[in-house]
Amino acid sequence: MKKVLLGLVASLLSGAAMAQTDDLRSLAKETFAPLPSTVPAVAENPITPAKIDLGKALFFDPRLSASGVFSCNSCHNLATGGDDNMETSVGHGWQKGPRNSPTALNAVLNEAQFWDGRAADLKAQAKGPVQAGVEMANTPDKVVATLNSMPQYVDWFKAAFPAEAEPVSFDNMAKAIEAFEATLITPAPFDAWLNGDDAAMTADAQAGLKLFVDKGCSSCHSGVNVGGHGYYPFGLVEKPGADVLPEGDKGRFAVTETVDDEYVFRAAPLRNVALTAPYFHSGKVWDLKVAVEIMAESQLGEALTDEEANQVVAFLDSLTGKLPEVTVPVLPAETAATPRPTAEVLAK
């Protein structure tokens, strides 16, 4: 009789736990979405295998920079979470950039690119660092000359853009990089859990998810990328210190020149966030738990307990996904016509 009662109690507890999981999953599906199972389409840029292959070569090619040192992968290293794990990136002439480098992983799913959203999509974003004096310090004309100087690149551009009379162009360079980056989708345990796999997330991760929603974190960090859309003041309730929120960087204000946009930034996408320390646009916080506590206090006016902070971090850990296998491409060789690298730093 005792065994029967114990079995009944266990069955009831198991049923209650399953019901709670189902309720939490239903709640999560109202706010989040699993990653797509195929490469997402992008506006005005049909994605083809030839375009992806070309984009991968360009992503890894340091000759898009004036010095021949820096590639897209330098700041968005696919081996280290799609970023460079530095406070702010080092670029041309070993200059330091003003902001922390965002991850390239799943970036195709963001509403806009850069911390201030100044680029509408990845093809617009790809043009920025190439021309920025503090990053790759190159010009569109020199990029095109560099690519045209290597016959293999000319053939690859013809294959990727077969309908165009002059396929090698700065615009097409950006489109190819966008096509490759669209493949950098990282399915995570959270996606498996959303799709019905109860065992994909630990109990702590599920508790952290519930806190993430109940406390209001998901008001900004929602959708398929758990962020990456919408613009919000950093320090909505209480501004963090100047070390975390530098006074000189006013965020989206530099784009809109609207006073209401001072210290406003695009909500960071949180997929793979456990891999992308340091955190925030300033890159001043190296510990994910500390970053969670700062956000709770600054944005929500909440002081999390130690257990709550650990549970939220456990949820964020469940967003760490599997990167598709990427082999480093063998790049075309330079020719006598290839522009020579320069280390000259132009006056600002």
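Residues numbered from 1 in each chain as written. Predicted model: local features only at pLDDT ≥ 70, side-chain atom pairs only at ≥ 80, totals over all residues. Heavy atoms only, no water.

### Here's the deal with the overall build of the chain
Condition: By the criteria applied, helices consist of DSSP H or I runs no shorter than four residues and strands consist of E runs no shorter than two, each listed in order from the N terminus. With a 1.4 Å probe rolled over the protein chains alone, any residue whose accessible area is under 20% of its type maximum counts as buried; one over 50% counts as exposed, and the rest are partly exposed. Where accessible areas are quoted, they stem from the Shrake-Rupley method and a 1.4 Å probe; at the residue level, only the protein chains shown are allowed to cover. Asp and Glu count as negative and Lys and Arg as positive, but His and the ends of the chain are not part of the count. To locate a charge, take NZ of a lysine, CZ of an arginine, CG of an aspartate or CD of a glutamate.
The number of helices and strands found in the chain is 12 helices and 2 strands. Put simply, the chain runs from its N terminus to its C terminus through helices and strands in the order α-α-α-α-α-α-α-α-α-β-α-β-α-α. On the principal axes, the C-alpha backbone points of the chain span a range of 90 × 45 × 30 Å. Here the chain, with 348 residues, has 49% of them falling under the buried criterion. Carbon and sulfur atoms make up 57% of the accessible area of the chain, which amounts to about 16500 Å² in all. Across the chain, the mean location of the 27 positive side-chain charges is 3 Å away from that of the 44 negative side-chain charges.

### What about the layout of surface pockets?
Gaps left between atoms are located by rolling a probe of water-molecule size over the structure's atoms. How we decide: Grid points spaced at 1 Å and placed over the protein atoms alone form the basis of the search, with a cavity being a set where a 1.4 Å probe fits but cannot get out and a pocket an open set showing protein on both sides within 12 Å along at least five of seven lines. Lining residues have an atom within 4 Å of a point. Grid points are joined across faces, edges and corners, and a volume is the space filled by probe spheres set on the points. All amino acids are sorted into three groups, where Ala, Val, Leu, Ile, Met, Phe, Trp, Tyr, Cys and Pro are nonpolar, Asp, Glu, Lys and Arg are charged, and the leftover types, Gly among them, are polar.
In this structure, the largest pocket occupies an estimated 740 Å³ of space. Along the wall of the largest pocket there are 41 residues; nearest its centre are His221, Ala268, Leu270, Phe280 and Met295. Counting residues per element, the ones that place at least two in the lining of the largest pocket are helix 9 (203-214), strand 1 (231-233), strand 2 (264-266), helix 11 (288-300) and helix 12 (306-317). By residue number, the principal contributor to the lining of the largest pocket is helix 11, which donates 7 residues. Classifying every residue of the lining of the largest pocket gives 28 nonpolar, 9 polar and 4 charged. What the second largest pocket holds in volume is close to 590 Å³. His76, Pro102, Phe114, Pro129 and Glu135 are the residues nearest the centre of the second largest pocket, which is lined by 38 residues in total. Elements with a contribution of two residues or more to the lining of the second largest pocket: helix 3 (72-75), helix 4 (122-131) and helix 7 (170-181).

### Let's talk about the nonpolar core
Condition: Residues enter a nonpolar core if they are buried and are Ala, Val, Leu, Ile, Met, Phe, Trp, Tyr or Cys, with the set joined through side-chain atoms within 4.5 Å. What makes two residues a contact is simply this: any of their non-hydrogen atoms within 4.5 Å.
Counting residues in each nonpolar core, the largest one holds 39 residues, and the members touching the most others are Phe32, Phe190, Leu209, Phe212 and Leu316. Looking at this core, the elements that each hand over two or more residues are helix 1 (2-29), helix 8 (189-194), helix 9, helix 11 and helix 12. At 6 residues, helix 12 tops the list of elements feeding residues into this core. With near-sequence residues (within four places) excluded, phenylalanine 212 lies in contact with Phe32, Cys217, Ser218, His221, Val226, Leu270, Val312, Phe315 and Leu316. Listed in part, the 31 residues of the second largest apolar core include Leu58, Phe157, Phe170 and Phe180.

### Quick notes on the packing of aromatic side chains
Operational definition: Only centres within 6.5 Å qualify two rings of Phe, Tyr or Trp (six-membered ring in Trp) as a pair; their planes then separate them into stacked at under 30 degrees, edge-to-face at over 60, and tilted for everything else.
Enumeration over the complete set of coordinates arrives at 13 aromatic pairs. For the pair phenylalanine 32 and phenylalanine 212, a centre-to-centre distance of 6.2 Å together with 40° between the ring planes defines the contact as tilted. Of the two residues, phenylalanine 32 sits in the loop between helix 1 and helix 2 (49-60) while phenylalanine 212 sits in helix 9, which places them 180 residues apart along the sequence. Taking relative accessible area as the criterion, phenylalanine 32 reaches 4% and is therefore assigned buried. Owing to a relative accessible area of 3%, phenylalanine 212 belongs among the buried residues under this scheme. Taken together, a centroid distance of 5.4 Å and an interplanar angle of 80° make the contact between phenylalanine 190 and phenylalanine 315 edge-to-face.

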